[in-house]
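Residue-level structural notes
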Amino acid sequence: MARRKYKGIDHLSPVDRVVVALMIAVPTALVLWLVWVPAIGSVLLSFTDWDGIGPISSAKVIGLKNYQDVVSIYPPFWPAVQHNLIWLGGLFLVATPFGLFLAVLLDRELRGSRIYQTAIYLPVVLSLALVGFIWQLIYSRDQGLINQVTGSTIDWYGDQRYNLWAALIAASWRHVGYIMLLYLAGLKGVDPSLREAARVDGANERTTFFRVVFPVMAPINAIVLVVTVIESLRAFDLVWVINKGRNGLELISTLVTSNIVGEASRIGFGSAMATMMLLISSVFVAIYLRYAFKEQR
C-alpha cells in the first residue's frame, strides 16, 4: 500500500518548513531549559548538601538525609503542611463553590452580566503580590477599612490568630474569579437539549443542575480540582509580601524560598521540600491526564 501523503505538508516550501521547525523547536527548547532542567536539577540537588557557594561539583551526596531532616527535625515544616491543607480546604470548600454559584447566576444572561463577569474576573489578572497590597488597605491596623468601620485595633496581618485566615480570604477573592470563568465556559458548552429533556420529565432547576448539568461538566470539575490543589501548594506571593511566611503564615513554598535564597542558603535542604511539592502536584496532574486521555478514547 502506498504511503499516504498529507497535502498540506507536501506543498510546504523549504522556507515554510524551516519556519514550522523553528515554531516547534524554539518553544520546546524554552520549556526544556526553563521548566524541565530546573525541575530535574532541583530533584538531584535534594540528595546533596550544598550551600550554593563554590562550584556545584563541590556538593556532597548525602542520599535521603535532607528528606529525613525535613520531616523529623525541622519545626516549621509540619505547621506549614497544616497551613497548606487549610489553604486547600478554604479554596476547595468555600471559594470554589462560590465561583460555581456565580457562574450559574451569570449563565442566566442577566442584565449587565458582562460587567459582572469583568468585575469578578478582574482580580485574576492581578498578581498575588498586588492582591496583598490591595487587601492591606482593608486589613491595616491603623487605617484599614475593617478597623475603621468596626472601631477595633486588630492587626489582621500581624496577629497569628487571624493572619492565615485574612490571607486566605484575599487569595480566595482572586481564586473565585478564575473558577467562575472555568465553570461559565463549561455551562455554555452544555447541550440545551439535556435541560429541555429534564424539564419535560418534571425536574426543577435544582434537580436539573445537580442530576444533569453538573455531571456533564465532569472534565471541568477535574480541571478545577487540579487547579485548586496546585494553587494551594504554590501559594507564595501573597504570604511573602505580608511577612515572608513567618509568625503563623508558614507555607511549604515560603520555607523552600527561605532555605534556598535566604540567610541559611541550604540549597539541598530547600530542594528536598521543593521536590515534595513537585511530587504532590504531579499526582493530581497525573490523575487529570489519565481522566482526559480516558475521555478521548
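Read on for a plain summary of the structure. (Residues numbered from 1 in each chain as written. Predicted model: local features only at pLDDT ≥ 70, side-chain atom pairs only at ≥ 80, totals over all residues. Heavy atoms only, no water.)

1. Notes on the overall build of the chain
The line we're drawing: Helical segments are the DSSP runs of H or I of at least four residues, strand segments are the runs of E of at least two, and each set is numbered from the N terminus. Put simply, the radius of gyration uses C-alpha atoms, and a globule should come to 2.2 Å times the residue count raised to 0.38. Burial here depends on accessible area, computed with a 1.4 Å probe over protein chains only, as a share of the maximum for the residue type. Under 20% is buried, over 50% is exposed, and the range in between is partly exposed. We call two residues in contact when some of their heavy atoms are within 4.5 Å. Only the protein chains shown count as covering a residue, and every accessible area follows the Shrake-Rupley method with a 1.4 Å probe. His residues and chain termini do not enter the charge count, which takes Lys and Arg as positive and Asp and Glu as negative. Where a charge sits is defined by one atom per residue type, namely NZ (Lys), CZ (Arg), CG (Asp) or CD (Glu).
Broken down by element type, the chain carries 14 helices and two strands. Against the compact-globule benchmark of 19 Å for 297 residues, the chain has a radius of gyration of 24 Å, which places it well outside the compact range. Overall, the chain is about 75 × 65 × 35 Å in size when its C-alpha atoms are taken along their principal axes. A total of 297 residues make up the chain; the buried ones form 36% of that total. Considering only contacts in the chain between residues 6 or more positions apart, those separated by 24 or more positions represent 64%. With an accessible surface of roughly 18600 Å², the chain has 66% of that area assigned to carbon and sulfur atoms. Across the chain, the mean location of the 25 positive side-chain charges is 7 Å away from that of the 19 negative side-chain charges.

2. Quick look at helix α4 (residues 77-106)
In plain terms, the rule: Expected helix span is computed as 1.5 Å times (number of residues minus one). Note that bend, as reported per residue, equals the angle between axes fitted to the 7 residues terminating at that residue and the 7 residues originating from it.
The end-to-end C-alpha distance of α4, which contains 30 residues, comes to 41 Å, matching closely the 44 Å that a straight helix rising 1.5 Å per residue would cover. Ala 95 marks where α4 bends most, by close to 30°; the proline Pro 97 follows one to four residues later.

3. Some points on the side chain of Thr 228
Which entries qualify depends on this criterion: Here a polar contact is taken to be a pair of N or O atoms separated by no more than 3.5 Å, where protein atoms must pair a possible hydrogen donor with a possible acceptor and residues adjacent in sequence count only if both atoms sit in side chains.
With respect to the secondary-structure elements, Thr 228 resides in helix α11 (residues 218-233). At 2.7 Å, the side chain of Thr 228 forms a polar contact with the backbone oxygen of Val 224. In this structure, Thr 228 is in contact with Leu 88, Leu 91, Phe 92, Thr 96, His 175 and Ile 179, ignoring residues within four places of it in sequence.

4. Points about unusual backbone geometry
Here the phi dihedral of Lys 244 falls at roughly 60°; this positive angle occurs in a residue that is not glycine. Assignment of secondary structure puts Lys 244 in the loop between α12 (237-243) and α13 (252-261). The class of Lys 244 is partly exposed, set by a relative accessible area of 42%. A positive phi is found at Asn 247, a non-glycine position, where the angle reads about 55°. Here Asn 247 is to be found in the loop between α12 and α13. Residue Asn 247 is classed as partly exposed on the basis of its relative accessible area, which comes to 37%.

5. Brief notes about helix α6 (residues 128-139)
Heads up, the rule is: Starting at the helix axis, one direction is taken to each C-beta atom, and the arc is that of these directions.
The end-to-end C-alpha distance of α6 is 16 Å, a good match for the 16 Å that twelve residues give at a rise of 1.5 Å each. All of the buried residues along α6 are Leu 128, Val 131, Gly 132, Trp 135 and Tyr 139. Buried residues of α6 fall within an arc of 100° about the axis and therefore sit on the same side. Among the exposed residues of α6, those pointing more than 90 degrees away from its buried face are Phe 133 and Leu 137.

6. Here's the deal with the environment of Leu 130
For Leu 130, the position within the fold is in helix α6. The spacing of Leu 130 and Lys 65 is 65 residues in sequence and 38 Å in space, taken between C-alpha atoms.

7. Section: the packing of helix α5 (residues 113-121) against helix α8 (residues 163-188)
Definition in use: Every axis corresponds to a line fitted to the C-alpha atoms, with the helix fit spanning only the stretch in contact, and the corresponding angles, defined between N-to-C directions, vary from 0 to 180 degrees. Relative orientations are named as follows: roughly parallel for angles under 35 degrees, roughly antiparallel for angles over 145 degrees, roughly perpendicular for angles from 65 to 115 degrees, and oblique for any other angle. Side-chain classes follow a simple rule in which Ala, Val, Leu, Ile, Met, Phe, Trp, Tyr, Cys and Pro form the nonpolar group, Asp, Glu, Lys and Arg form the charged group, and the remainder, Gly included, forms the polar group.
Where α5 meets α8, the axes come as close as 8 Å, and the angle between the chain directions of the two elements is 135°. Comparing their axes, α8 and α5 come out oblique. Together, Gln 117, Ile 120 and Tyr 121 of α5 and Val 176, Gly 177, Met 180, Leu 181 and Leu 184 of α8 make up the contact between the two elements. In the contact of α5 with α8, the residues fall into six nonpolar, two polar and no charged.

8. Brief notes about the pattern of salt bridges
Condition: By definition, a salt bridge exists where a carboxyl oxygen of Asp or Glu is found within 4 Å of a side-chain nitrogen of Lys or Arg.
Per the stated rule, a full pass over the model turns up eight salt bridges. For Arg 161, the salt bridge is made with Asp 159, and the minimal N-O distance between the two is 2.9 Å. With its nearest N and O atoms 3.2 Å apart, the salt bridge here joins Arg 199 to Glu 196. Taken together, the positions of Arg 199 and Glu 196, both in helix α9 (residues 192-200) and three residues apart, correspond to about one turn of that helix. Residues participating in the shared-partner salt-bridge network are Asp 107, Lys 188 and Arg 195.

9. What to know about the side chain of Asn 163
As for its position among the elements, Asn 163 is in helix α8. Judged by its relative accessible area of 0%, Asn 163 is buried. A distance of 2.8 Å separates a polar atom in the side chain of Asn 163 from the backbone oxygen of Asn 247. Non-local contacts of Asn 163, meaning those with residues more than four positions away in its chain, are made with Trp 156, Tyr 157, Gly 158, Asn 243, Asn 247, Gly 248 and Leu 249.

10. Description of the nonpolar core
A general tendency of soluble globular proteins is for nonpolar side chains to be buried together. Our working rule: Working definition of a nonpolar core: buried Ala, Val, Leu, Ile, Met, Phe, Trp, Tyr and Cys residues. They are joined through side-chain atoms within 4.5 Å.
Counting residues in each nonpolar core, the largest one holds 39 residues, and the members touching the most others are Trp 87, Tyr 157, Tyr 183, Met 217 and Leu 238. Counting residues per element, the ones that place at least two in this core are α4, α6, α8, α10 (205-216), α11 and α12. Broken down by element, the residue count for this core peaks at 13 residues, all from α8. Setting aside residues no more than four positions away along its own chain, Tyr 183 makes contact with Thr 96, Leu 100, Ala 103, Phe 214, Met 217, Ile 220, Asn 221 and Val 224. Tyr 74, Ala 80, Val 256 and Ala 272 belong to the second largest nonpolar core, which has 16 residues in total.

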